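If you want the building blocks of each chain, they are given just below.
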Amino acid sequence: MSTTTTEEEEAVTRETQETLLEVNDLKTYYEDGGFLSSNPVKAVDGVSFDIKRGETLGLVGESGCGKSTLGRTLMRLEEATAGEVKLNGTDITTLSGADLKQFRRDVQMVFQDPDSSLNERMTVGEIVREPLDVHEWKTPKERRQRVRDLLETVGLQEQHYYRYPHQFSGGQRQRIGIARALALEPDFIILDEPVSALDVSVQAKILNLLEDLQEEFGLTYLFIAHDLAVVRHICDRVAVMYLGNIMEIGPSDEMFEAPANPYTHALLSSIPEPDPTTARDRITLRGTPPSPRDPPAGCPFSTRCPVKIRPDEYRSLDDDVWQRIEVFREVLRERSRVEPSISDRVRELLGRETHESGMDEILEELFGNLDVPNTVMEHINEAAEYAENDDEEAGRTYLREEFGSVCDRERPSQLGVGDQGRLSLCHRHEDEYDEPATVFESLVH
Ligand SMILES: Nc1ncnc2c1ncn2[C@@H]1O[C@H](COP(=O)(O)OP(=O)(O)OP(=O)(O)O)[C@@H](O)[C@H]1O
């Protein structure tokens, strides 16, 4: 049908478009000598992608998954720990002097909260003119004219030049932020949740403005958002981020219609469907994302994945028992996050052995009403014993060795799915395993 041809044509067009930004195995770690552990926060943990000139790439994921850190690293507001960021073929992570100054003209950022990103003591004219002054753009007279033109471009008026940000509505303030970002004619703009703080009625106007500006000036966008509906509307492609990794990246229409990665699947199933006849089955994710100080050794999503690969000997184990084992593993992980000295202190304060009394209750709660095979229960008891003796780490290792699979052990690579260059980070795309979609089907029926 014609849609397929159009989609294929789009894929071919993308192939021939010029690459503006290329990111290779980028890592940004925060070494802040944390209170609970000296491990760094692995906010961005090895991401690779590219953005073509004129394209809009959406970056979505739950709070804390590393979206802003990635955006800030691309802006050189955070220092990359490892990897490459190439803009027009030049690695920007090592730029300095005049080259860095030029880079600061080419890449701009629009922030979520126009209230806190605009200096209340400056007039609108001064705010928009500031980057022109810093970069000594042409003459002062030409700068003033440029600001007037920019105000008009973003839908404000010339007389707004002498007013202060507090005299404007949220949408107008975001227009001021956009005018400022456009001042130096950048190639690339990072939009960090640009409409999240605005009323729904104003959001559409700002999104339309951004689309018009993109067309007029040939801009390339990285659009950071947690609102998937907004992303679907405005982005050509979407990258789904989880725990510092890109789990899936590809054309937005294709991804929204048939997510390939289990995490994308779960994320999309949590948005209400406008058309109830196509309602997807909702997937409720267990637990919370692991700490980015201590991410899983294998797949980043392995601790919560509803379609995680099981070891052969447990393929036919009852689903409920299997889920509870996974929860038990999560419990030990949580407990091992607490530094022993703190748990000792708690025990001291309570005047009792908190760990020991807790473990029996946990096992009863998790497995008490289930028919658990003896061999399985023996393994669980063994791990519980380690935990009772304050060695959660040994308990975790024991469970990983017994119940773990390739998902726990090996980080998957990004594998191609579909025929439009979509990539997904999941072992299930390897030939020997069932695809995530097939397993989700069987879970539901
Ligand atoms: N300056 C910092 N020092 C230490 N850790 C940080 C710092 N900034 C962010 N983090 C941590 O890095 C991780 C990623 O944070 P980031 O703000 O990039 O996520 P996000 O997806 O943008 O979240 P949100 O949507 O809530 O802004 C989080 O665990 C966060 O606590």
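Please read these numbers as outputs of a predicted model, since none were measured by experiment.

S.K.: Any chance you could explain the overall build of the protein here in plain terms?
M.R.: Along its length, the protein carries 18 helices and 12 strands. A buried classification covers 37% of the 445 residues belonging to the protein. The long-range fraction of contacts in the protein, counting pairs at least 24 apart against all pairs at least 6 apart in sequence, stands at 68%.

S.K.: Can you help me understand the sheet that holds strand 5 (residues 90-91) in this one?
M.R.: Sheet strands line up and pair through hydrogen bonds in the backbone, either parallel or antiparallel. The strand order 2-1-4-5 describes an open sheet built from 4 strands, whose pairing is antiparallel. Edge positions in the sheet fall to strand 2 (41-52) and strand 5, since each of these pairs with one other strand and no more. Looking at chain direction, strand 1 (residues 19-30) and strand 4 (residues 82-87) are connected through 5 bridges and run antiparallel. By the bridge assignment for strand 4, Val23 is matched with Val85. Sheet strands in contact with helix 2 (residues 67-74) are strand 1, strand 2 and strand 4, and its direction is about 60° off that of strand 2.

S.K.: Just to check I follow, could you spell out the site of the ligand for this structure?
M.R.: Around the ligand sit 14 residues, and of these Tyr30, Ala43, Ser63, Ser68 and Thr69 come closest. Of all the elements in the fold, those that place two or more residues in the shell around the ligand are strand 2 and helix 2. Ranked by the residues each element gives to the shell around the ligand, the list is headed by helix 2, at 3 residues. Looking at side-chain class alone, the shell around the ligand contains 5 nonpolar, 7 polar and 2 charged residues.

S.K.: Looking at this model, I keep getting lost on unusual backbone geometry. Mind explaining?
M.R.: Leaving glycine out, the prevailing phi sign among residues is negative, and the prevailing peptide bond configuration is trans. Backbone geometry at Asp25 places phi at a positive 45°, although glycine is not the residue there. Structurally, Asp25 is set in strand 1. Its 11 C-beta neighbours within 10 Å are what place Asp25 among the exposed residues. A positive phi is found at Glu193, a non-glycine position, where the angle reads about 50°. Topologically, Glu193 is positioned in the loop between strand 7 (188-192) and helix 8 (200-217).

S.K.: Help me understand the pairing of strand 10 (residues 245-251) in this model?
M.R.: On any regular strand, side chains alternate: one points to one face of the sheet, the next to the other face. Within strand 10, 7 of the 7 residues are buried, leaving the element largely enclosed by the surrounding structure. Bridge count between strand 9 (residues 237-242) and strand 10: 6 bridges; the pairing is antiparallel. Note on strand 10: the bridge partner recorded for Met241 is Ile246.

The rules behind the values
- Residues numbered from 1 in each chain as written.
- Predicted model: local features only at pLDDT ≥ 70, side-chain atom pairs only at ≥ 80, totals over all residues.
- Helix = DSSP H or I, 4+ residues; strand = E, 2+ residues; numbered from the N terminus.
- Buried ≥ 20, exposed ≤ 12 C-beta atoms within 10 Å, placed from the backbone.
- Contact = placed C-beta atoms within 7 Å.
- Pairing = 2+ DSSP bridges.
- Axes fitted to C-alpha atoms, helices over the stretch in contact; angles between N-to-C directions.
- Near = placed C-beta within 6 Å.
- Nonpolar A, V, L, I, M, F, W, Y, C, P; charged D, E, K, R; others polar.

Nothing here speaks to function; it is all geometry.
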